[in-house]
Amino acid sequence: MNESLLRELVPAVIGVLVRRGADFASAEDAVQDALIRALAAWPDDPPRDPKAWLVTVAWHRFLDAARAEASRRGREVAVQAEPPAGPAPATDDTLRLYFLCAHSSLPPASAVALTLRAVGGLTTRQIAAAYLVPEATMAQRISRAKRKIAGLTLDQPGDLGTVLRVLYLVFNEGYGGSVDLAAEAIRLTRQLAALTDEPEVAGLLALMLLHHARRTSRTGPGGRLVPLAEQDRSRWDTGLIAEGVTILQTALARDRLGEYQAQAAIAALHADARSASETDWVQIVEWYDELLLLTGSPVVRLNRAVAVGEADGPQAGLAALAGVDPGLPRYAAVTAYLHERAGDLARAAELYAEASRAAVSVPERDHLTREAARVRQLLKA
Amino acid sequence: MKYLILKHYRGGPAPVVDYGSIDQWTPEEVDAHVQFMRDFAARLEETGEFVDGQALSPQGAFVRYDGEGRPPVTDGPFAETKDLIAGWMVIDVESWDRAVQLAGELSAAPGPRGEPIHEWLEVRPFLAEPPTVTE
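Residues numbered from 1 in each chain as written. Chains lettered and ligands numbered in written order. Predicted model: local features only at pLDDT ≥ 70, side-chain atom pairs only at ≥ 80, totals over all residues. Heavy atoms only, no water.

### A short note on the interface of chain B and chain A
Reports often express the size of an interface as the amount of accessible area lost when the parts come together.
Item 1. Taken residue by residue, the interface counts 20 residues in chain B and 36 residues in chain A.
Item 2. Carbon and sulfur atoms supply 50% of the area that chain B and chain A bury against each other, a total of about 2200 Å² over both sides.
Item 3. Connecting chain B to chain A are one salt bridge.
Item 4. Linking B:Asp92 and A:Arg141 is a salt bridge whose minimum nitrogen-to-oxygen distance equals 3.0 Å.
Item 5. Elements represented by at least two residues in the side of chain B that touches chain A include exactly helix H1 (27–46) and strand S2 (50–55) of chain B. (Contact = heavy atoms within 4.5 Å. Buried area = accessible area lost by both parts, 1.4 Å probe. Salt bridge = Lys/Arg side-chain N within 4 Å of Asp/Glu carboxyl O. Helix = DSSP H or I, 4+ residues; strand = E, 2+ residues; numbered from the N terminus.)

### Some words on the domain arrangement of chain A
Item 1. The domain boundaries assigned to chain A delineate domain 1 (201–220 + 233–279) and domain 2 (329–381).
Item 2. Centre-to-centre separation of domain 1 of chain A and domain 2 of chain A, based on C-alpha positions: 28 Å. (Domains from an automatic or database assignment.)

### Some details on the UniProt feature "domain: RNA polymerase sigma factor 70 region 4 type" (unreviewed entry) in chain A
Item 1. Residues annotated in UniProt with the feature "domain: RNA polymerase sigma factor 70 region 4 type" (unreviewed entry) correspond here to residues 97–149 of chain A.
Item 2. Annotated as residues 97–149 of chain A, this span is 72% helix and 0% strand, and its ends, taken at the C-alpha atoms, are 12 Å apart. (UniProt positions renumbered as here; feature names shortened; annotations may be inferred.)

### Things to note about the pattern of salt bridges
All names here are of chain A.
Item 1. Overall, the coordinates contain 30 salt bridges over all chains when judged by the stated rule.
Item 2. Here Glu340 ties to Arg374 by a salt bridge, and the two come within 2.9 Å at their closest N and O atoms. Here the residue Glu340 occupies a position in helix H16 (residues 331–341), and Arg374 occupies one in helix H18 (residues 362–380), the gap between them amounting to 34 residues.
Item 3. Under the relative-accessibility criterion, Glu340 is labelled buried at 18%.
Item 4. The class for Arg374 is partly exposed, based on a relative accessible area of 31%.
Item 5. Salt bridges linked by common partners bring Glu3, Arg7, Glu184 and Arg187 together as one network. (Buried < 20%, exposed > 50% of the residue type's maximum accessible area, 1.4 Å probe, protein only.)

### So, the packing of aromatic side chains
To describe a pair of aromatic rings, you give the distance between the ring centres and the angle between the ring planes.
Item 1. Under the definition given, this model contains four aromatic pairs over all chains.
Item 2. Ring centres 5.2 Å apart and planes at 35° place the aromatic pair A:Trp59 and A:Phe62 in the tilted group. Residue A:Trp59 and its partner A:Phe62 are located together in helix H3 (residues 50–73), separated by three residues, close to a single helical turn. Here A:Trp59 and A:Phe62 have matching classes, each one buried.
Item 3. Here B:Tyr3 and B:Trp96 contribute two aromatic rings whose centre-to-centre distance is 5.8 Å and whose plane-to-plane angle is 55°, an arrangement assigned as tilted. In this pair, B:Tyr3 sits in strand S1 (residues 2–10) while B:Trp96 sits in helix H2 (residues 96–106), placing the two residues 93 residues apart along the sequence. (Phe/Tyr/Trp six-rings, centres within 6.5 Å; stacked < 30°, edge-to-face > 60°.)

### Quick look at helix H1 (residues 3–19) of chain A
Residue and element names in this part refer to chain A.
Item 1. Between its terminal C-alpha atoms H1 stretches 25 Å, which fits the 24 Å expected from 17 residues at 1.5 Å a residue.
Item 2. In H1, a bend of some 30° at Val10 exceeds every other bend along the element, and Pro11, a proline, comes one to four places later.
Item 3. Directly beyond the C-terminal end of H1, a positive phi value near 115° is found at Gly21. (Expected span 1.5 Å × (residues − 1). Bend = angle between axes of the 7 residues up to and from the residue.)

### Observations regarding helix H2 (residues 24–41) of chain A
Item 1. A rise of 1.5 Å per residue sets the reference length of H2(A), with its 18 residues, at 26 Å; its end C-alpha atoms lie 25 Å apart and thus fit the reference within 8%.
Item 2. The complete set of buried residues in H2(A) reads A:Phe24, A:Ala27, A:Glu28, A:Ala30, A:Val31, A:Gln32, A:Ala34, A:Leu35 and A:Ala38.

Dropping the structure here:
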């Protein structure tokens, strides 16, 4: 049994413990302990029934902790040592865990950490490594999050919107560290899509698959950023693209558009173009218009200006920037690109340099610095 | 989002409180200052926001390459430099505002007579990994 199969069992096992009377925080701790023991013991001595093994070990761990806590407080253990019999509706439990871990009262970074641990079955150490913080800090972040939602029970209705935001955040965190967070986000979104019937869940899954399909072509040697127009399209994963497009089409047919479906539609149009010059920018602008109506987001307005620049020419793109906040990250990069297309190389070089100073990531900064250098060379020639 | 809070021995805007050099303080004042820093880091670990903290000796030097086959050139210690870093703390927080709030609290570390020293701290965002979805 490999680690990912083991991790898939984690939310269901937490659900079993909660149904037996454990509170969520203690159940989650007990299952994390059982998980760590399983990771150590199973390679040499795999159990016949992995889920039963986890339930048994976690339940004993929970009882030990509850007894220790009770004796510390001089009280009796409130839960029965012998679990009551009864069916465990595992799928509902898992869905509810998503809602609980992404509860709107939690700061995003805490909701992300808790989701990765309780739903994703990652260890605290793995999550800490993925986010480049000490394990002790991550442990505190998770236990604080659990204290914050301590009054909530698994059977309360949840907000799917916050769950999707959390999964999107995990996906966008990318590929750093020992844990592939993008792949993990896809796994968790796939699982969520199997548990719900919401077109936006499918939309988010399609969006992730379509971006994941371009993963290897997005970076060159040494982590160098390769812009969409220059990517080697023969390296795009056609299987993932086909799957993403099918999922998106099914979702769109439900006629309940949302921001993730609209974003996925834009990604699908890019994936559909055999070369950058064959991109259907007119349709992409239409999807940005939809996206803008749905979100009103200034970042969408900025990206829309790029699409308008491609569809109707750089002057139209610059005009579409009117009313966009120049303080946005990538604003200077977008204006630099549009000015270059419009033939104003001097202005473009200045703006690329300005954009590189405003970049929020190293590959982006290096890319923009190279762009500034490239345009300055064109000026000299 | 990760931020670096930089503490300087010298440099930055003019101090608003003349707290002198720490070696001129009483031992109790020094202890109180050090304890404040430790408590601050411990509190950030509690909130899940602490990443790293280190102090730097004022000793050391600038070093540079001086050509093939030649030893590196050194310049220092830094008696003359205008800017001298004393140490740092790395925090992982939700926003720039939270980073500023924490740096403000750290700047209230006690100095002579237990009064806050109002020290200028430099707060700088980390360059992160690029997001997956960009268009």
